[in-house]
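What the coordinates show
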Amino acid sequence: MMLDMAQADRERLLAEVLAGRLPDARGRFGPFGGRYVPETLIPALERLEQGIREQLHREDFQAALGSELRTWAGRPTALTHAARLSARWGADIWLKREDLAHTGAHKINNAIGQALLAMRLGAQRIVAETGAGQHGVASAAACARLGLPCTVYMGEVDMERQAPNVGRMRLLGTTVIPVKSGDRTLRAAIDEAIRDWVSDPLNTYYLLGSAIGPHPYPYLVRELQAVIGREARAQMLEQAGALPDAVMACVGGGSNSIGLFHPFVTDSAVDIIGIEAGGRGAGLGENAATLAFGRPGVLHGCYSILLQDAHGQVQETHSISAGLDYSSVGPEHAALLAAGRARYEVASDDEALAAVKECCESEGILPALESAHAIAGAKRWAASHRGGRILVGLSGRGDKDMSTLQQTLIARLDRDPSGATEGRRSPVSS
Ligand SMILES: *Cc1c(COP(=O)(O)O)cnc(C)c1O
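Predicted, not measured: the structure shown is a model, and the values here were computed from it. (Residues numbered from 1 in each chain as written. Predicted model: local features only at pLDDT ≥ 70, side-chain atom pairs only at ≥ 80, totals over all residues. Heavy atoms only, no water.)

**Some remarks on the packing of helix α14 (residues 349-363) against helix α16 (residues 402-415)**
Between α14 and α16, the shortest axis-to-axis distance is 11 Å and the interhelical angle comes to 65 degrees. Of the two elements, α14 crosses α16, and the hand of that crossing is right-handed. Contacts from D350, L353, V356 and K357 in α14 reach L405, T408, L409, R412 and L413 in α16. Its residues placed into classes, the contact of α14 with α16 shows five nonpolar, one polar and three charged. (Axes fitted to C-alpha atoms, helices over the stretch in contact; angles between N-to-C directions. Helix = DSSP H or I, 4+ residues; strand = E, 2+ residues; numbered from the N terminus. Left-handed = near helix turned anticlockwise from the far one by under 90°. Contact = heavy atoms within 4.5 Å. Nonpolar A, V, L, I, M, F, W, Y, C, P; charged D, E, K, R; others polar.)

Here it is in structure tokens:
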């Protein structure tokens, strides 16, 4: 990342990070975050901010949320010791299993939390955006659960690519509106959802799907996803008897990662490492590795790091995993990087595919392609930290990725069937 920041400013930012004081009262994570929106949106964001202040940490709200998470969404999710990956890679690997959460990923933590909040704030309907469809499905499920009407904006291109998720949302009673403007993918869908929200901000609640957007969304999403890290931290102490040396998660908009990282930020002995989508390489448009290759700028109401060309045009991205395909990143990650509290690396499409196969064969878990980036990162970490202990966020399950896997990994197996058994014990003869 290209960022001009004086050493004294970095040190001040690190002190704020370690004291757990971010965001500040203006919704800033150091220089990042804030609220870059048209005047018409300010009252709605201020109402939301006030609603969060009054409701989110109230005992009765937390009790209602805790009950939904436990009895409907399947929390707490397991912490799994990846014994065979550990033996293969020479480090102790622990997986936080968000793939076991309802609808197959961490996104449900945020969706049910915001839907409950929307009800408390008196909203009559929910609007949401979705790219790959995972946030749309989580929102649709949460709204069905609470009896809230839900409208999801989805780019036309994505609707075609992710047809099964469109069907899921419809079954769950949600109206899916195709977005034909702009790039006809996630970026345009967010614009349309915001437009809908602005037209009736008193009755409509905008359920944003990642730790991005104008204040207070990055804060709200972090607070709702931090359940991942709180559970994982306690589970590590109980099951491993110690905190990990490092925590690692994949970074798209940055919600599963900030949720896992947040409770570890003040544990200064724990390294924090995010893994971005390296795609096909370092060229413009070949990846979605915002923090690795981006520069500061504003997108969707938030000052953060963006993938942009020399003229400041936001770039199209590429990743084999649709969920990591976003040209910006949550402002808290930009701040963690600038402060030196976290570092960010990339894993390529091919590394992610290889990690899917290793995780399947060694652990009996089919990870989402997004999550496979974190597993690939853990493999690299293990090679340079033999005997170390790492906690990896397994953000979701890979069933949704079967058509991509069919065209890649499985097609390769058809050509070379012996590749299937790499790393497996020889069968015991009877
Ligand atoms: C959506 C998604 C992601 C990426 O989103 P974040 O906000 O960066 O967490 C990662 N993993 C899975 C399984 C997803 O569905």
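The discussion continues.
**Describing the domain arrangement of the protein**
Each assigned domain of the protein is listed with its residue range as follows: domain 1 (27-70 + 107-221) and domain 2 (74-104 + 226-415). Domain 1 and domain 2 are separated by 23 Å when their C-alpha centres are compared. If you look at the interface, domain 1 gives 32 residues, while domain 2 gives 35 residues. For the pair domain 1 and domain 2, the summed buried surface comes to about 2,600 Å²; carbon and sulfur atoms form 64% of the total. Viewed at the interface, domain 2 and domain 1 are joined by one salt bridge. Note that E316 and R187 form a salt bridge whose closest N and O atoms lie 3.6 Å from each other. If you look at where domain 1 meets domain 2, you find eight residue pairs in polar contact (both at pLDDT 80 or more). (Domains from an automatic or database assignment. Buried area = accessible area lost by both parts, 1.4 Å probe. Salt bridge = Lys/Arg side-chain N within 4 Å of Asp/Glu carboxyl O. Polar contact = N/O pair within 3.5 Å; in protein donor to acceptor, adjacent residues only side chain to side chain.)

**A few points about the pattern of salt bridges**
What the rule picks out here adds up to 31 salt bridges. Ionic pairing is found between D9 and R12, a salt bridge with its closest N-O pair at 3.2 Å. Highlighted residues: D9 and R12, both in helix α1 (residues 7-18), separated by three residues, approximately one helical turn. The salt bridge partner of E231 is K96, with a shortest N-O separation of 2.8 Å. Residue E231 is located in helix α10 (residues 217-240), and its partner K96 is located in strand β4 (residues 92-97); the two are separated by 135 residues in the primary sequence. An identical accessibility class is assigned to E231 and K96; each is buried. Taken together, the shared-partner salt bridges connect R75, K96, E98 and E231 into one network. (Buried < 20%, exposed > 50% of the residue type's maximum accessible area, 1.4 Å probe, protein only.)

**Here we look at the pairing of strand β10 (residues 271-279)**
β10 sits mainly inside the fold: eight of its nine residues count as buried. Regarding topology, helix α11 (residues 255-261) serves as the crossover connection from strand β9 (residues 246-250) to the parallel β10, and that connection is right-handed. Direction of pairing for β10 relative to strand β13 (residues 342-348): parallel, over a ladder of seven bridges. Its bridge partner being in β13, G279 is matched across the sheet by S348. (Right-handed = clockwise from strand over helix to strand, strands pointing away. Pairing = 2+ DSSP bridges.)

**Considering the site of the ligand**
Near the ligand there are 17 residues, and of these K107, S210, G254, S255 and S395 occur at the shortest range. A distance of 2.7 Å separates an oxygen atom of the ligand from a polar atom in the side chain of K107. Residue S255 places a side-chain N or O atom 2.7 Å away from an oxygen atom belonging to the ligand. Relative to its unbound accessible surface of 380 Å², the ligand loses 97% to contact with the protein. For the shell around the ligand, the per-class residue count stands at four nonpolar, eleven polar and two charged. (Near = heavy atom within 4 Å. Areas by Shrake-Rupley, 256 points an atom, 1.4 Å probe, with all protein chains shown as cover.)

**Considering the sheet that holds strand β14 (residues 389-394)**
Spatially, six strands are ordered β3-β4-β14-β9-β10-β13 in an open sheet, and the strand pairing comes out mixed. Two strands in the sheet have a free side with no partner beyond their single neighbour: β3 (79-81) and β13. Strand-to-strand, the axes of this sheet are offset by a mean angle of 25 degrees, without reference to chain direction. Pairing analysis gives three bridges linking β3 to β4, with the strands arranged antiparallel. Paired with T80 across the strands is L95, a residue of β4. Those strands touched by α14 are β3, β10 and β13, and its axis lies near 90 degrees from that of β13.

**Observations regarding helix α9 (residues 186-199)**
With 14 residues, α9 should cover 20 Å at 1.5 Å per step; its first-to-last C-alpha distance of 20 Å lies within 8% of that length. Burial in α9 covers these residues: A188, A189, I190, E192, A193, I194, D196 and W197. Buried positions along α9 lie against α2 (42-55), β5 (125-130), β6 (150-155), β7 (175-179), β8 (204-207) and α10. (Expected span 1.5 Å × (residues − 1).)

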